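Results of the structural survey
Listed below are the residues making up each chain.
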Amino acid sequence: MSSIAKKSGFGATVWDYITSVDHKKIAILYLISGGLFFLIGGIEAMMIRIQLMKAGNDFLSAGTYNEVMTMHGTTMIFLAAMPLLLGFMNAIMPLQIGARDVAFPFLNSLGFWLFFFGGIFLNLSWFLGGAPDAGWTNYASLALASESHGIDFYALGLTISGFGTLISGINFLVTIINMRAPGMTYMRMPLFTWTTFVASALILLAFPPLTIAIFFMVFDRMFGSHFFDVAAGGNTIIWEHLFWIFGHPEVYILILPAFGIFSEIFAIFSRKRLFGYTALVFATILIGFYGFMVWAHHMFTVGLGPTANAIFALATMIIAVPTGVKIFNWLLTVWGGNVSFATPMLYAVGFIPSFVAGGVTGVMQAIAPLDYQLHDSYFIVAHFHYVIVGGVVLAIFAATHLYWPKMFGTMLSEKLGKITFWLFFIGFHLTFFIQHFLGLMGMPRRVYTFGANQGWDLFNAISSVGAIFMALGVIIMLVNIVLTTIKNERVGNDPWGDGRTLEWAIPSPPPFYNFAQTPLVRGLDTYWIEKMEGNKEGMIYAEPLGDIHMPNNSFIPVVMSFGLFVASFGALYHPDGYSWTIPVLVIGLLITFGSMLLRSLKDDLGFHIHKEDLIKDREGVKTDGHK
Amino acid sequence: MDINKKYTPQSWPDHPETATMEGKNKFVGFWLLLAAESVTFASLFATYLALKDKGPSGMEFTAAGLFELPLVFAMTMILLTSSLTSVYAMYHMKNHNFKSMQAWLAVTVLLGAAFLGLEIYEFNHYVHLGFGFTNSAFSSAFYTLVGTHGAHVVFGLGWFIALMVRNAKRGLNTYNAPKFFLVSLYWHFIDVVWVFIFTVVYLMGVIG
């Protein structure tokens, strides 16, 4: 990346990234924009904790608090956690299976730009009359009553970014099914590739119900339909069902890639083959499968009746079994290993007790009668932050350290990394552990303030102090990134020294065609096998050196996504009765479908890298590696 | 892949749609997209069934009173026939008979357009009766389910026409064969969804 940046001007580099269809560059785009949204969501979290720092605080008004709380959840789930994970999937998964790119490089770029414009659209609500304020779950009974355009921004923004995510999911599935290097059988795939595979399947089947639910919301709020309008025969529970048919698999879409990242880390830093690889794979598939059968456990108090509640309670408890299998596999991977506590491993070790705590409170809530007590209290808030922060965010931070050298060719500082870990880890438990007790003491979730006579002052104050620690941890991580980028000490293929899978067999960062020759995979942990057999090259090849076919860059994905962005403004202001709204809607859709047509009609055959250039490149890379 | 390579029926591969890596990827990817589309329509069907005949108190429209089978039966037969003609087109595609393929695709498009015309007539008829999109929860669910299918028909017709016009002069090769194959796959999917709409919305609507 940096070598190209030095050769061409800044504008050319930006243009290169905007039009890029290279999975490694798109990964960096995901990382930058996901990171940006993570900071925005983090600032919103800090505002929540400042408001709840003491009884009767007036830092935020009740209405603003609702907006901040809604946007914190929505941003963190849809615009931070998912894109950051998609970024790592993009960066690493094709390398792990020995592919030159994903199956559909153009769609990969389109997926990113749809997510990006959707996220921008949603956040524009802050400046255009108010953010959504019905919670990230946006229950219809609340959302239909909300007067500002906030809910409309939510509905349209998530529609656009949801299309992007669906496209990425299909892309990853096809990549893994069709693009694996010779010898890379399914049961030789690294765990991160496996979890990407299952998470993508969940994306494929979970996002359409959300899109449909949101379309109903758009129609109800902007075009006069009555899906959720009880007075006209509608039913608000339909939103809850569709949302949670999406929403529960979404939790696994987030946590499975996190499991994959930790599986890689445990093996690398224990210098051991993963214990029970097969069991881990099947546990992943089972979790994905069960993930679709438990959505109504979010709705125990809706009144579906004891039979439905009992079935969904049992189904929910079953998920603890494959998850427990995973936990023990990780522990047994570490057991007897030659463990090194580098920063990624610290996160992995910190993850186990944190996530188990979140899992145990989850099983508690699976008990439907108990859920009637816990429901809508801070106990729930504590639970899902233990799962999402203790699982997903720790995994994202771990992956940032683990894969930074592979993506950028330079190592993040271990010293600052460990400081970040301890600040964040301590801050995380300080913030959320005590919220279990606040919940048990009766504090409801989503309240903007509480009274001094309710006895919740001290615990809330402690929770807010914890949030400061977390913020400090993130700031130090940013400092770490800046310092590392300035120092820019180049590293070789396998900077951790114990890489096991194919991505560590090629230079850091990899050349844009990844593999000059497609590797031949001889087993699980293929790079480790070659290293142990003394193979200096790190891999053996399935083909002689020859011309490589590569796809062309394209600006069309940006235009296509921008069309939906424009159309959304037309839909959004339609109920206000302006005359320009329908024309804007039509123009936006014409831009999108027109560019789709252009894409279809224009032959895009890609180009070839010639064998001679590959040889030259390889010599160049070798000398770089020795420096 | 050489886009200018000329094929004869003898040199034409048995499965031109998956003869290239791009073709293989598109083939798998499109089946996955159809999986997502199935979930989409499943959500719409579920919502329709939940909201069937539901409206504000005193609503005069019910499925049993509104729908008439003869027109919808004609639409069903037309769409099913168009699926058959698209199979003929693919048969000729596999035999590298470009002209026959184009001819059968044209028949498919005409049948699809006829279906669409009847659907527009049907919707127009309901609206004139006072059963508009904003009439009730039932009408919203009905128009969204059947209308989403109709939008798919429109998209499919546009896709057919774009491919036929674009490739009219250059004939079949392994670059555009997957494209023709996918649009016919898409057309079958639309047809299958319509079979469910005919059964769930119209037949079950009229019967009970």
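Counting restarts for each chain: residues are numbered from 1 in the order of the written sequence. Here the convention is simple: chains get letters from A, ligands get numbers from 1, in the order in which they are written. Totals for whole chains, interfaces and linings use all residues, but because this is a predicted model, local features are given only for residues with pLDDT of at least 70 and pairs of side-chain atoms are given and counted only at 80 or more. Each side-chain value is worked out from all heavy atoms of the structure, with water and hydrogens disregarded.

**Regarding the overall build of chain A**
Threshold: A run of DSSP states H or I qualifies as a helix once it reaches four residues; a run of E qualifies as a strand once it reaches two. Both are numbered from the N-terminal end. Exposure categories follow from relative accessible area, calculated using a 1.4 Å probe and restricted to protein chains: below 20% of the type maximum is buried, above 50% is exposed, and the middle band is partly exposed. Contact definition: two residues touch when any of their heavy atoms are within 4.5 Å. Counted as positive: Lys and Arg. Counted as negative: Asp and Glu. His and the chain ends are not counted at all. For charged residues, the charge sits on one atom: NZ in Lys, CZ in Arg, CG in Asp, CD in Glu.
When its secondary structure is counted, chain A shows 20 helices and four strands. Overall, chain A is about 70 × 60 × 45 Å in size when its C-alpha atoms are taken along their principal axes. Scored against the burial criterion, the 627 residues of chain A give a buried share of 59%. Within chain A, contacts between residues separated by at least 24 positions form 82% of all contacts whose residues are at least 6 apart in sequence. Taken as two groups, the 32 positive and 36 negative side-chain charges of chain A have centres that lie 11 Å from each other.

**As for the overall build of chain B**
A tally of regular secondary structure across chain B gives six helices and zero strands. For chain B, the α and β elements follow one another from N to C terminus as α-α-α-α-α-α. A sequence separation of at least 24 residues applies to 80% of the contacts in chain B between residues at least 6 apart. The distance from the centre of the 12 positive side-chain charges to the centre of the 11 negative ones in chain B is 16 Å.

**With respect to the packing of helix 5 (residues 105-124) of chain A against helix 18 (residues 556-572) of chain A**
All names here are of chain A. Put simply, the rule is: For helices, the fitted line uses only the C-alpha atoms of the stretch in contact; every axis is such a line through C-alpha atoms, and the angle between N-to-C directions lies from 0 to 180 degrees. In these notes the angle categories are as follows: under 35 degrees is roughly parallel, over 145 is roughly antiparallel, 65 to 115 is roughly perpendicular, and the rest is oblique. Crossing handedness is defined as follows: a turn of the near helix away from the far one that is anticlockwise and smaller than a right angle gives a left-handed crossing, while the clockwise case is right-handed. Each residue gets one of three labels, nonpolar for Ala, Val, Leu, Ile, Met, Phe, Trp, Tyr, Cys and Pro, charged for Asp, Glu, Lys and Arg, and polar for the others, Gly among them.
Between helix 5 and helix 18, whose axes approach to 8 Å, the crossing angle comes to 30°. Comparing their axes, helix 18 and helix 5 come out roughly parallel. Helix-helix and strand crossings are classified by hand; for helix 5 and helix 18 the assignment is right-handed. Only Ile-556, Pro-557, Val-558, Met-560, Ser-561, Phe-562, Leu-564, Phe-565, Ser-568, Phe-569 and Leu-572 of helix 18 make contact with helix 5, whose side of the interface consists of Phe-106, Ser-109, Leu-110, Trp-113, Leu-114, Phe-117, Ile-120, Phe-121 and Leu-124. Counted by class, the contact of helix 5 with helix 18 contains 17 nonpolar, three polar and no charged residues.

**Here we look at a nonpolar patch on the surface**
All names here are of chain A. Heads up, the rule is: Every patch collects residues that have over 30% relative accessible area and no salt bridge, joining them within 9 Å if they carry like charges and within 5 Å if they are nonpolar side chains (Val, Leu, Ile, Met, Phe, Trp, Tyr). Only the protein chains shown count as cover for residues, and all accessible areas are computed by the Shrake-Rupley method using a 1.4 Å probe. The term salt bridge refers to a side-chain nitrogen of Lys or Arg lying within 4 Å of a carboxyl oxygen of Asp or Glu.
A cluster of nonpolar side chains, Ile-468, Leu-472, Ile-475, Val-479, Val-482, Leu-483 and Ile-486, forms an exposed patch at the surface whose accessible area comes to about 630 Å². Of note, Ile-475 is situated in helix 16 (residues 457-487). Ile-475 gets classed as partly exposed once you look at its relative accessible area, which sits at 48%.

**A look at the pattern of salt bridges**
Residue and element names in this part refer to chain A. Counted under the stated rule, the structure contains 15 salt bridges over all chains. Here Arg-221 ties to Asp-152 by a salt bridge, and the two come within 2.5 Å at their closest N and O atoms. With Arg-221 in helix 8 (residues 191-222) and Asp-152 in helix 7 (residues 150-178), this residue pair connects regions lying 69 residues apart in the sequence. Residue class for Arg-221 comes out buried when judged on its relative accessible area of 17%. Among the salt bridges present, the one from Asp-604 reaches Arg-599, with a minimum N-O distance of 2.9 Å. According to the relative accessible area criterion, Asp-604 is partly exposed, its value standing at 24%. You can call Arg-599 partly exposed: its relative accessible area is 28%. Each member of the salt-bridge network shares a partner with another, and the members are Arg-522, Glu-530 and Glu-533.

**Some remarks on the UniProt feature "transmembrane region" (unreviewed entry) in chain B**
The line we're drawing: UniProt positions are given in the numbering used here, feature names are shortened, and annotations may be inferred rather than shown by experiment.
Using the residue numbers shown here, the UniProt feature "transmembrane region" (unreviewed entry) corresponds to residues 30-51, 71-91, 103-121, 141-165 and 185-207 of chain B. For the annotated span residues 71-91 of chain B, helix accounts for 100% and strand for 0% of the residues, and the straight-line distance between the end C-alpha atoms is 31 Å.

**Notes on the interface of chain A and chain B**
Where we set the bar: Each of two parts loses accessible area, computed with a 1.4 Å probe, when they are put together; buried area is these two losses added. Pairs of N or O atoms are called polar contacts if they sit within 3.5 Å, as long as, within protein, a hydrogen donor faces a hydrogen acceptor (for residues adjacent in sequence, only side-chain-to-side-chain pairs).
Taken together, the contact pairs 38 residues of chain A with 38 residues of chain B. For the pair chain A and chain B, the summed buried area comes to about 2,800 Å², and 72% of that belongs to carbon and sulfur atoms. Between Asp-603 of chain A and Arg-166 of chain B there is a salt bridge, and its shortest N-O distance comes to 3.2 Å. Summed over the shared surface of chain A and chain B, the number is 10 residue pairs in polar contact (both at pLDDT 80 or more).

**Quick look at the domain arrangement of chain A**
Residue and element names in this part refer to chain A. This is how it is decided: Here the bounds of each domain stem from an automatic or database domain assignment.
Each domain of chain A was delimited in the assignment, giving domain 1 (21-162), domain 2 (190-270 + 272-337) and domain 3 (369-501). With centres defined by C-alpha atoms, the gap from domain 2 to domain 3 works out at 22 Å. Regarding the contact of domain 2 and domain 3, the summed buried area is about 1,500 Å², with carbon and sulfur atoms giving 77% of it. Counting the contacts that link domain 2 with domain 3 gives zero salt bridges. Broken down by element, the residue count for the side of domain 2 that touches domain 3 peaks at 10 residues, all from helix 9 (residues 237-270). Residue composition of the side of domain 2 that touches domain 3, by class: 11 nonpolar, three polar and three charged.

**Here's the deal with the UniProt feature "domain: Cytochrome oxidase subunit I profile" (unreviewed entry) in chain A**
Cross-referencing UniProt, the feature "domain: Cytochrome oxidase subunit I profile" (unreviewed entry) maps to residues 9-522 of chain A in the present numbering. Taken as a whole, residues 9-522 of chain A contains 69% helix and 0% strand, while its terminal C-alpha atoms sit 43 Å from one another.

**Things to note about the side chain of Lys-326 of chain A**
Locating Lys-326 of chain A in the fold gives a position in helix 11 (residues 306-334). Every residue in contact with Lys-326 of chain A, bar those within four places of it in the chain, is listed here: Thr-195, Phe-259, Leu-280, Ala-283, Thr-284 and Ile-287 of chain A.

**What to know about the nonpolar core**
Note the threshold: The nonpolar core is taken to be a set of buried Ala, Val, Leu, Ile, Met, Phe, Trp, Tyr and Cys residues, with the residues joined through side-chain atoms within 4.5 Å.
Trp-239 and Phe-262 of chain A together with Phe-67, Phe-142, Trp-194 and Tyr-202 of chain B are the most contacted members of the largest nonpolar core, which totals 228 residues. Core analysis: the next-biggest nonpolar cluster, separate from the first, contains 13 residues, Ile-48, Tyr-65, Val-381 and Trp-456 of chain A among them.

**Quick notes on the side chain of His-385 of chain A**
All names here are of chain A. One can find His-385 in helix 14 (residues 378-408). Residue class for His-385 comes out buried when judged on its relative accessible area of 14%. Setting aside anything within four residues of it in sequence, one finds His-385 in contact with His-72, Gly-390, Phe-428 and Phe-432.

**A word on the environment of Ala-63 of chain B**
All names here are of chain B. Relative to the helices and strands, Ala-63 resides in helix 2 (residues 63-66). For the pair Ala-63 and Phe-138, spaced 75 residues apart in the sequence, the C-alpha separation amounts to 8.8 Å. Discounting residues that sit within four places of it in the chain, Ala-63 has contacts with Tyr-48, Lys-52, Asp-53, Phe-138 and Gly-205.

**Topic: unusual backbone geometry**
Geometrically, the link from Ser-508 of chain A to Pro-509 of chain A is a cis peptide bond, its omega value of -15° lying close to zero. Among the secondary structure elements, Pro-509 of chain A is positioned in the loop between helix 16 and strand 1 (519-520). Its identity as a non-glycine residue notwithstanding, Arg-271 of chain A has a phi of 50°, on the positive side. Relative to the helices and strands, Arg-271 of chain A is located in the loop between helix 9 and helix 10 (277-290). Unusually for a residue other than glycine, Asp-53 of chain B sits at a positive phi of about 65°. Residue classification places Asp-53 of chain B among the partly exposed residues on the basis of a relative accessible area of 31%.

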